[in-house]
Amino acid sequence: MVALGDVVMKATDIEKYFGTNHVLHGVSLAVRKHETVMLIGRSGSGKTTFLRCLNFLEEPTVGSVEMGDLKVEADPLRVAGRGRKPDIRQLRQQTGMLFQDFNLFPHMTVLQNCIEAPVHVKGVNKDEAVVTAEKYLDKVQLLEKRDEYPARMSGGQKQRAAIARALCMEPEVLLFDEPTSALDPELIGEVIVVMEQLAHEGSTMIVVSHEMAFAREAADRVLYLEGGLVVEEGPPEQVLDDPKQEPTKQFLRRFLSEGAKAPTADDAEPPSPLDPAGNAYGSSLHGHGGGG
Amino acid sequence: MALPSAHDGTAMTGLADSRNGDQGTPPGAPPDAIVDAIAGADVRRRVRFRALFVATWVVIIGGLALSFIAAGSFDVEFLAEWAPFILGAVPLTVFIAISSIALAIPLAVLGAVGRISVAAPVYALATLYVSLVRGTPLLVQIIFIVLALPRLVPAVNEIPLLALGVFALAFNYGAYLTEIFRAGIEAVPHGQREAGAALGMSDRRIMWRIVLPQAIRIVTPAIGNEFIAMIKDSALVSVIGVQELLWRAQRVGSANFRSLETLLLAAAMYWILTSIFSLFQERLEQRMARSDR
């Protein structure tokens, strides 16, 4: 694995209210270059909300996000008006986001999906953007699908195409929001393989997922969230195999008892007969591939 | 269509055959004879339905035509003489409908973007447009533009009547299409906007590059419906003297006390036109349904 570098993204004291519902109670995270951070926790723990606050898809109520010289503060009362928008867009250009349901643009081919933002947002020359796109499509093994429309691809292919699209912006940090939760069990593996490859090659990644096998294989650090707070944090072997905090123990016990098979080092193959259909993954405690 | 079901039948027969060859007929698998018989009965039922459908139409329409002629009130020779003149207006009617809808669509896109705008004046303007236009009769709008508007804007007098008629239709349909487009925009999944935003795209770019192209696909069938309605509503511009299909039918009819013949001809022509475009639209929808996600 690539040695970790300096801090590239820093979120400080992120709090989030949805109306009167206090979802995040002050979560901070500093991610170093080449680091892979995994956020785990039950549904409603705030992990996805926190991830979405990092690129301001969700406006934090309190807190700030920093990347290099760029610092964007929460502005719930909108006192900054439009002045903050360029900063937010700058932040988003430096972070690639992967969604549970891919969100590829259905009216564009895979290649068009990949070059849209580089050409029209970053202002890259179109030929260059195509070369870059082909490089990353090759990396996710979808080069032969470059002129295909998303409707004609499987879920696993769509998510890999979405990864290529995010990579084409050459972001500092990749954010994964339950990238395999909407996939049929037999398609999860191909996405996990790509994610592991990215992690090993030194991409900086923040991943919300229930794929414990991925955590063991690729994560440098695991954060367990509950009730909008980071309850426990550490290297995957410590948090997953030897948790110190009672909530973490409880979560893992329930989570793993409902998973099935024992983990192996390169356990990216998902199918467990006990798994529910892929989409039930994110919202329940069902899982697979863990164990201990 | 009878063909697919017959095809299904043979496919099922083939399946049953291979099963028989492998390990004998599994329990519950129907023998070939029954499968064939069911498929055959299916085909016969559909053919009979179609035949009865056509026969019913022929009887009703033919019967009406014959009774008109038999009663002596329908002058076929007169109609034959004047039909070329009346039908000569069909291209104009089609032109009015096409150009009006073509003008209404960009108007509707702007209107729809206004209707979802967070800027209060823009939203207010778009809402006023929709409310005003939908709340007053199209006929009033058409007459107003020709008779009343020149009092406010004298230059309107210089514009040809045809252009004013097209503008009136487009202005009216633009309001209805605005609401259709707004619904289409709102039907684009929210994740699409998030994906655009996450890539750093501006709100405007997300709207024009991501949301609108998808919204247009969603509303295409509805635009087809509006176009078909437009073919019929184009008849309204006859009141301001645009010499389209209804205008000619009415002129020839009332001048010769033969309105029955001329109006029936015009009505039949509208019916044929709308039927042709309905068929065309049905095909388009089928094709879109196939290629869609």
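1. A closer look at the overall build of chain B
Right, on to step 1. Helix and strand counts for chain B come out as 11 helices and 0 strands.
Right, on to step 2. Walking chain B from its N terminus toward its C terminus, one meets helices and strands in the order α-α-α-α-α-α-α-α-α-α-α.
Right, on to step 3. Counting only residues that meet the buried cut, chain B has 35% of its 293 residues in that class.
Right, on to step 4. Taking the contacts inside chain B whose residues are at least 6 apart along the sequence as the reference set, 76% of them involve residues at least 24 apart.
Right, on to step 5. For chain B, the computed accessible surface area is about 16,900 Å², with 68% contributed by carbon and sulfur atoms.

2. Examining the overall build of chain A
Right, on to step 1. Looking only at helices and strands, one finds 9 helices and 10 strands in chain A.
Right, on to step 2. A sequence separation of at least 24 residues applies to 67% of the contacts in chain A between residues at least 6 apart.

3. Regarding the interface of chain B and chain A
Right, on to step 1. Taken together, the contact pairs 18 residues of chain B with 23 residues of chain A.
Right, on to step 2. Of the roughly 1,800 Å² buried between chain B and chain A, counting both surfaces, carbon and sulfur atoms make up 59%.
Right, on to step 3. Interface area lost by chain B to chain A is led by B:Glu194, B:Ala198 and B:Leu199, which between them contribute 31%.
Right, on to step 4. Applying the counting rule to chain B against chain A returns 3 salt bridges.
Right, on to step 5. Here A:Glu116 makes a salt bridge to B:Arg209, at a shortest N to O gap of 2.6 Å.
Right, on to step 6. The interface formed by chain B and chain A includes 8 residue pairs in polar contact (both at pLDDT 80 or more).
Right, on to step 7. Contributions of two or more residues to the side of chain B that touches chain A are made by helix H8 (190-198) and helix H9 (203-233) of chain B.
Right, on to step 8. No other element matches the 7 residues that H8(B) contributes to the side of chain B that touches chain A.

4. Overview of the sheet that holds strand E8 (residues 204-208) of chain A
Residues and elements named next belong to chain A.
Right, on to step 1. Spatial strand order, E6-E7-E8-E3-E9-E10: 6 strands in an open sheet with mixed pairing. Edge positions in the open sheet fall to strand E6 (95-98) and strand E10 (229-234), since each of these has one partner strand only. Each strand axis lies, on average, 20° off the axis of its neighbour in the sheet, ignoring direction.
Right, on to step 2. In this structure, strand E3 (residues 36-40) lies alongside E8, joined through 4 bridges in parallel fashion. When the sheet's bridge partners are listed, Met38 is paired in E8 with Val207.
Right, on to step 3. Relative to the sheet, helix H6 (residues 185-200) contacts E3, strand E7 (173-177) and E8, its axis offset from that of E8 by approximately 145°.

5. Things to note about the nonpolar core
Right, on to step 1. A:Met9, A:Leu39, A:Phe50, A:Leu54, A:Ile206, B:Phe181 and B:Leu245 are the most contacted members of the largest nonpolar core, which has 93 residues in total.
Right, on to step 2. The leading source of residues in this core is H9(B), at 11 residues.
Right, on to step 3. In contact with A:Met9, other than residues within four places in its own chain, are A:Leu29, A:Ala30, A:Val31, A:Leu54, A:Val65, A:Glu66, A:Met67, A:Thr95, A:Val173 and A:Ile206.
Right, on to step 4. Residues A:Ala161, A:Leu183, A:Met205 and A:Phe214 belong to the second largest nonpolar core, which totals 49 residues.

6. Points about the side chain of B:Ser100
Residues and elements named next belong to chain B.
Right, on to step 1. Relative to the helices and strands, Ser100 resides in helix H4 (residues 90-115).
Right, on to step 2. Here Ser100 falls in the buried class, since its relative accessible area comes to 0%.
Right, on to step 3. Contact partners of Ser100, with chain neighbours within four places excluded, come to Val166, Leu169, Ala170 and Met230.

7. A closer look at helix H6 (residues 138-152) of chain B
All names here are of chain B.
Right, on to step 1. Here H6 is 15 residues long and its end C-alpha atoms lie 20 Å apart, about the 21 Å a rise of 1.5 Å per residue gives.
Right, on to step 2. Maximal helix bending in H6 amounts to about 45°, located at Ile145.
Right, on to step 3. Among all positions of H6, only Leu138, Gln141, Ile142, Ile145, Val146 and Pro150 are buried.
Right, on to step 4. Buried-residue contacts for H6 involve helix H5 (120-134), helix H7 (161-187) and H9.

8. What about the packing of H4(B) against H7(B)?
Residues and elements named next belong to chain B.
Right, on to step 1. Put simply, H4 and H7 touch, their axes get as near as 5 Å, and they point 45° apart. With respect to their mutual orientation, H4 and H7 come out oblique. The interaxial crossing formed by H4 with H7 has right-handed handedness.

9. Remarks on the side chain of A:Thr109
All names here are of chain A.
Right, on to step 1. With respect to the element layout, Thr109 can be found in the loop between E6 and helix H3 (110-122).
Right, on to step 2. With relative accessibility at 9%, the residue Thr109 sits in the buried group.
Right, on to step 3. Residues within four places of Thr109 in sequence aside, it is in contact with Arg146, Asp147, Glu148 and Tyr149.

10. So, the confidence of the model for chain A
Right, on to step 1. With 88% of its residues at a pLDDT of at least 70, chain A reaches an overall mean of 88.
Right, on to step 2. A low-confidence stretch, residues 260-292 of chain A (pLDDT under 50), is modelled with 73 contacts involving residues beyond four sequence positions or located in other chains.

11. Considering the packing of aromatic side chains
All names here are of chain B.
Right, on to step 1. Summed over the entire model, instances satisfying the criterion amount to 10 aromatic pairs over all chains.
Right, on to step 2. Residues Phe167 and Phe171 carry aromatic rings whose centres are separated by 5.8 Å and whose planes lie at 25° to one another, so their mutual orientation is stacked. Here the residue Phe167 and the residue Phe171 both occupy positions in helix H7, the gap between them amounting to 4 residues, near one helical turn.
Right, on to step 3. Residue Phe167 is classed as partly exposed on the basis of its relative accessible area of 41%.
Right, on to step 4. Relative accessible area serves as the criterion here: at 32%, Phe171 is assigned to the partly exposed category.
Right, on to step 5. A ring pair is formed by Phe227 and Phe277, whose centres lie 5.0 Å apart and whose planes are at 85°; its orientation type is edge-to-face. Of this pair, Phe227 sits in helix H9 while Phe277 sits in helix H11 (residues 259-291), and the two are 50 residues apart along the sequence.
Right, on to step 6. We classify Phe227 as buried; its relative accessible area is 11%.

12. Here's the deal with the pairing of E3(A)
Residue and element names in this part refer to chain A.
Right, on to step 1. Burial analysis of E3 places 5 of its 5 residues in the buried class, which makes it a mostly covered element.
Right, on to step 2. Of the two faces of E3, the one holding Thr36, Met38 and Ile40 and the one holding Val37 and Leu39 are both buried throughout.
Right, on to step 3. Strand direction decides the pairing type here: E3 and strand E9 (residues 221-226), joined by 4 bridges, are parallel. Pairing of Leu39 across the sheet is with Leu223, part of E9.

13. Quick notes on the confidence of the model for chain B
Residue and element names in this part refer to chain B.
Right, on to step 1. Overall, the predicted model of chain B reaches an average pLDDT of 88, with 88% of residues at or above 70.
Right, on to step 2. Scored below 50 in pLDDT, residues 1-22 shows 21 contacts in the model against residues more than four places distant or in partner chains.
Right, on to step 3. Confidence estimates for the predicted assembly give a pTM of 0.77 and an ipTM of 0.85.

14. Looking at a nonpolar patch on the surface
All names here are of chain B.
Right, on to step 1. Together, Phe49, Phe53, Val54, Trp57, Val58, Val59, Ile60, Ile61, Leu64 and Trp271 make up an exposed nonpolar region whose accessible area comes to about 1,100 Å².
Right, on to step 2. In terms of residue count, helix H2 (residues 32-70) provides more of the nonpolar patch than any other element does, 9 residues in total.
Right, on to step 3. You can see Val54 is positioned in helix H2.
Right, on to step 4. The class of Val54 is partly exposed, set by a relative accessible area of 49%.

Cut-off values and rules
Residues numbered from 1 in each chain as written. Chains lettered and ligands numbered in written order. Predicted model: local features only at pLDDT ≥ 70, side-chain atom pairs only at ≥ 80, totals over all residues. Heavy atoms only, no water. Helix = DSSP H or I, 4+ residues; strand = E, 2+ residues; numbered from the N terminus. Buried < 20%, exposed > 50% of the residue type's maximum accessible area, 1.4 Å probe, protein only. Contact = heavy atoms within 4.5 Å. Areas by Shrake-Rupley, 256 points an atom, 1.4 Å probe, with all protein chains shown as cover. Buried area = accessible area lost by both parts, 1.4 Å probe. Salt bridge = Lys/Arg side-chain N within 4 Å of Asp/Glu carboxyl O. Polar contact = N/O pair within 3.5 Å; in protein donor to acceptor, adjacent residues only side chain to side chain. Pairing = 2+ DSSP bridges. Axes fitted to C-alpha atoms, helices over the stretch in contact; angles between N-to-C directions. Core = buried A, V, L, I, M, F, W, Y, C linked by side-chain atoms within 4.5 Å. Expected span 1.5 Å × (residues − 1). Bend = angle between axes of the 7 residues up to and from the residue. Parallel < 35°, antiparallel > 145°, perpendicular 65-115°, else oblique. Left-handed = near helix turned anticlockwise from the far one by under 90°. pLDDT = per-residue confidence, 0-100. Phe/Tyr/Trp six-rings, centres within 6.5 Å; stacked < 30°, edge-to-face > 60°. Patch = residues over 30% accessible without salt bridge, like charges linked within 9 Å, V, L, I, M, F, W, Y side chains within 5 Å.

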